[in-house]
Amino acid sequence: MKTDEQKRIFEEWLALHRGLLFKVVRAYAFSPHDQDDLFQEIATQVWNSVPSYRGDCAVTTWIYRVALYAAMAWSKKETRHRDNQSIGLDERPILQASSHVNPQLDWLYEQIAQFDEVDRSLTLLMLDGFSYREIAATMGISSSHVGVKLNRIKQRLAEQSRKEQENAI
Amino acid sequence: MQFEDLQVIWNSQRDRPLYGFDEAGLQQILRGNRQRFQRFLFWQHVQTYGSTLFMLTLIGAILIANFTGVPDKIDSLRALAGWEVVALLVAMVCWLQFSLSVYLGQKMRKRREQSTTHSLREDLDKEICHTMYEIKARRNPLLGFIPPYAGVGLFLLVVFGVTGVSTWLLAFFLVVMVITLVIESRSQRRLAERDMTHRLRDLEILREKLVDPAS
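Residues numbered from 1 in each chain as written. Chains lettered and ligands numbered in written order. Predicted model: local features only at pLDDT ≥ 70, side-chain atom pairs only at ≥ 80, totals over all residues.

1. Digging into the overall build of chain B
For step 1, the next point in the chain: A count of helices and strands for chain B gives 7 helices and 1 strand.
For step 2, the next point in the chain: Counting from the amino terminus, chain B carries its helices and strands in the arrangement α-β-α-α-α-α-α-α.
For step 3, the next point in the chain: Its C-alpha radius of gyration of 27 Å places chain B more than 25% over the 17 Å reference for a compact globule of 215 residues.
For step 4, the next point in the chain: Its C-alpha atoms give chain B principal-axis dimensions of roughly 95 × 45 × 30 Å.
For step 5, the next point in the chain: Taken across its 215 residues, chain B has 17% of its residues classed as buried.
For step 6, the next point in the chain: Taking the contacts inside chain B whose residues are at least 6 apart along the sequence as the reference set, 79% of them involve residues at least 24 apart. (Helix = DSSP H or I, 4+ residues; strand = E, 2+ residues; numbered from the N terminus. Rg over C-alpha atoms; globule rule 2.2 N^0.38 Å. Buried ≥ 20, exposed ≤ 12 C-beta atoms within 10 Å, placed from the backbone. Contact = placed C-beta atoms within 7 Å.)

2. Focus: the confidence of the model for chain B
Residue and element names in this part refer to chain B.
For step 1, the next point in the chain: With 94% of its residues at a pLDDT of 70 or more, chain B shows a mean pLDDT of 83.
For step 2, the next point in the chain: Per-element mean pLDDT across chain B ranges from 77 in strand β1 (residues 19–21) up to 88 in helix α4 (residues 82–112).
For step 3, the next point in the chain: We note a pTM of 0.71 for the whole complex and an ipTM of 0.81 for its interfaces. (pLDDT = per-residue confidence, 0-100.)

3. Description of the domain arrangement of chain A
All names here are of chain A.
For step 1, the next point in the chain: The domains assigned to chain A are domain 1 (1–97) and domain 2 (100–169).
For step 2, the next point in the chain: On a C-alpha basis, the centres of domain 1 and domain 2 stand 21 Å from each other.
For step 3, the next point in the chain: Among the secondary structure elements, those contributing two or more residues to the side of domain 1 that touches domain 2 are α1 (3–28) and α3 (59–81).
For step 4, the next point in the chain: Ranked by the residues each element gives to the side of domain 1 that touches domain 2, the list is headed by α3, at 6 residues.
For step 5, the next point in the chain: By residue class, the composition of the side of domain 1 that touches domain 2 is 7 nonpolar, 2 polar and 3 charged. (Domains from an automatic or database assignment. Nonpolar A, V, L, I, M, F, W, Y, C, P; charged D, E, K, R; others polar.)

4. Description of helix α2 (residues 23–67) of chain B
Residues and elements named next belong to chain B.
For step 1, the next point in the chain: When the terminal C-alpha atoms of α2 are compared, their 64 Å separation across 45 residues agrees well with the 66 Å that a helix rising 1.5 Å per residue should span.
For step 2, the next point in the chain: The set of residues buried in α2 consists of Thr52, Met55, Ile59, Ile62 and Asn66.
For step 3, the next point in the chain: Of the residues flanking the end of α2, it is glycine 69, one or two places downstream, whose phi is positive at about 80°. (Expected span 1.5 Å × (residues − 1).)

5. Concerning the interface of chain B and chain A
For step 1, the next point in the chain: Across the boundary between the two partners, chain B contributes 36 residues, which contact 47 residues of chain A.
For step 2, the next point in the chain: Of the residues forming the side of chain B that touches chain A, the biggest block, 6 residues, is contributed by helix α7 (residues 167–211) of chain B.
For step 3, the next point in the chain: Relative to β1 of chain B, strand β1 (residues 95–97) of chain A runs antiparallel, the two being bridged by 3 bridges. Pairing of alanine 97 of chain A across the sheet is with tyrosine 19 of chain B, part of β1 of chain B. (Pairing = 2+ DSSP bridges.)

6. As for helix α6 (residues 141–163) of chain B
Residue and element names in this part refer to chain B.
For step 1, the next point in the chain: The terminal C-alpha atoms of α6, which comprises 23 residues, lie 33 Å apart, in line with the 33 Å expected from a rise of 1.5 Å per residue.
For step 2, the next point in the chain: The sharpest bend along α6 comes to roughly 35°, located at proline 147.
For step 3, the next point in the chain: Of all the positions in α6, only Pro147, Pro148, Gly151, Gly153, Leu154, Phe155 and Val158 are classed as buried.
For step 4, the next point in the chain: One or two steps after α6, the chain reaches glycine 164, where phi turns positive at roughly 75°. (Bend = angle between axes of the 7 residues up to and from the residue.)

7. Quick look at the nonpolar core
Residue and element names in this part refer to chain A.
For step 1, the next point in the chain: Grouped together as the largest cluster of nonpolar side chains are 55 residues, with contacts concentrated most on Val24, Val25, Ile42, Ala67 and Ala71.
For step 2, the next point in the chain: Ranked by the residues each element gives to this core, the list is headed by α3, at 12 residues.
For step 3, the next point in the chain: Two domains each donate at least three residues to this core, and these are domain 1 (1–97) and domain 2 (100–169).
For step 4, the next point in the chain: Apart from residues no more than four positions distant in its own chain, valine 25 is found in contact with Gln35, Leu38, Phe39 and Ile42. (Core = buried A, V, L, I, M, F, W, Y, C linked by C-beta atoms within 7 Å.)

Structure (structure tokens):
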């Protein structure tokens with residue numbers, strides 16, 4: 001694939017699916033610097049994945065898979081190297097957080113952040129409306145396994161929100 | 001709050017995106033990453049295939065010069081003995097083996113890693129497979145590096161013999177080569193044992209979390 005064609009497809013994907021990337025970034029990285037770093041990592045992986053896309057699944061599914069894998073790998077790498085990391089002062093951030101504040105959404109992301117890497121991926125896919133079958137295909141596990149995990153996640157989220165409400169009262 | 005309420009909260013992101021981003025800055029970073037990676041690959045290939053080509057050309061030129069009677073015209077040189085011709089041919093085979101093993105290893109790895117189902121688990125399996133390949137290739141680096149070093153050793157042995165350079169100088173060069181070989185294989189093994197084994201363990205933990213319903 002020629003670089004121009006790859007660039008055109010990449011830009012089109014980024015324009016159409018940037019919201020999806022932002023959700024993954026927010027679920028896996030928490031400080032502004034980490035979010036910027038992860039966004040760059042995901043964008044690089046999406047760019048690299050363009051020539052491999054054969055159209056045998058929806059673009060959304062493809063990008064989700066690439067983004068989730070990049071985030072999971074980044075998350076592992078980041079935990080190990082966090083202490084050695086330094087922030088370049090001359091680096092200009094790529095991501096600029098929106099000024100809009102939604103406390104309920106912040107709370108939901110906080111809950112998702114408490115899950116392990118795999119459960120976070122499953123939660124994002126579920127909340128974005130993917131069916132069990134699609135999630136199973138994206139993750140490479142059985143639908144029944146997805147069902148078991150998602151039921152547990154739903155229960156945990158509902159329970160956490162109940163506790164939160166009780167504390168508020 | 002029920003799960004359906006959480007879904008409504010989640011969907012609110014559709015109207016208000018979480019971030020904005022600097023598209024030109026991102027493109028610049030991607031271009032930089034791409035160039036760095038291509039440069040790295042280029043230099044790896046230059047080192048492996050370039051050194052092989054250089055050695056094969058050099059040995060080939062010496063053999064051709066020998067068989068066309070060049071040493072007879074130069075007083076300080078003598079014709080190659082039978083065992084020296086064999087030693088140079090063995091050196092050529094050593095270098096060819098080195099380059100071919102690198103080339104075929106990479107080709108096999110790429111074939112093994114080709115996507116079929118496009119799932120996260122496949123990505124993990126692929127990455128585990130790749131990391132294991134890199135660890136395996138570095139676990140006994142001495143064996144991998146011996147052919148090119150042996151090739152250079154044989155080449156020096158013949159060239160020093162033909163040109164009549166002191167045996168002590170040859171011994172010095174051979175000792176330096178052995179030390180370099182040991183240092184290089186140790187650093188490769190350390191890379192495999194430290195960084196790559198950590199990475200492999202992380203990937204295996206992720207895979208375990210993915211496939212084990214109890215986790």
